[in-house]
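# Coordinate inspection notes
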Amino acid sequence: MSSGDEEPQPSTSRGIKRKKYLQCHKKEWELEFPGWLQASSKNLNYANCKSCNKEIKISSGKDALKKHSTSEGHLVACRSVKAQPSITSFVVKKNPKEC
Ligand SMILES: [Zn+2]
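Summarised in this report is the structure supplied together with it. None of the values given here were measured: they were computed from a predicted structure.

Right, let's get into the overall build of the chain. Within the chain, the secondary structure is distributed over three helices and three strands. Here the analysis covers contacts within the chain between residues at least 6 apart in sequence; of these, 26% occur between residues at least 24 apart.

Right, let's talk about the nonpolar core for a bit. Considering soluble globular proteins, one finds that nonpolar side chains tend to be buried as a cluster. If you look at the biggest cluster of nonpolar residues, it comprises seven residues: Trp-36, Leu-37, Ala-47, Cys-49, Ile-56, Ile-58 and Leu-65. In this structure, Ile-58 is in contact with Gln-23, His-25, Asn-45, Tyr-46, Ala-47, Ala-64 and Leu-65, ignoring residues within four places of it in sequence.

Let's shift gears to the environment of Asn-53. As for its position among the elements, Asn-53 is in the loop between β2 (46-49) and β3 (54-57). With 17 residues separating them along the chain, Asn-53 and Trp-36 place their C-alpha atoms 9.2 Å apart.

Right, let's talk about the sheet that holds strand β1 (residues 37-39) for a bit. Across the sheet, which stays open at both edges, the three strands sit in the order β1-β2-β3 with antiparallel pairing between neighbours. One side of each edge strand has no neighbouring strand; the edge strands of this open sheet are β1 and β3. Across the sheet, the mean angle separating the axes of adjacent strands is 40° when strand polarity is ignored. Here four bridges tie β2 to β3, and the two strands are oriented antiparallel to one another. Bridging from a neighbouring strand, Tyr-46 pairs with Lys-57 of β3.

Cut-offs applied
Residues numbered from 1 in each chain as written. Predicted model: local features only at pLDDT ≥ 70, side-chain atom pairs only at ≥ 80, totals over all residues. Helix = DSSP H or I, 4+ residues; strand = E, 2+ residues; numbered from the N terminus. Contact = placed C-beta atoms within 7 Å. Core = buried A, V, L, I, M, F, W, Y, C linked by C-beta atoms within 7 Å. Buried ≥ 20, exposed ≤ 12 C-beta atoms within 10 Å, placed from the backbone. Pairing = 2+ DSSP bridges. Axes fitted to C-alpha atoms, helices over the stretch in contact; angles between N-to-C directions.

Shape is all these values report; function is a separate question.
Listed below in structure tokens is the structure:
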């Protein structure tokens with residue numbers, strides 16, 4: 001009785017998993033990018049932009065934040081956030097002269 005089954009040898013060279021270091025949100029970044037950056041509640045490797053309401057992947061590091069802070073969409077969103085909705089005083093309807 002000979003079974004031709006060979007037990008698969010544990011391949012030591014293959015089993016090595018490279019540990020990738022993923023960047024997590026840092027509080028100090030919020031000081032560098034004030035006003036819009038906050039930690040994401042969903043994922044440690046994400047940050048949240050308050051202005052854009054977007055999740056930014058930060059696992060690669062701070063560069064992602066830099067990129068986001070200069071992106072056009074973000075700048076536009078920041079501008080519109082800063083412009084507080086105090087439009088009421090701005091909108092002045094011209095009264096047509098009636099008499
Ligand atoms: Zn943004």
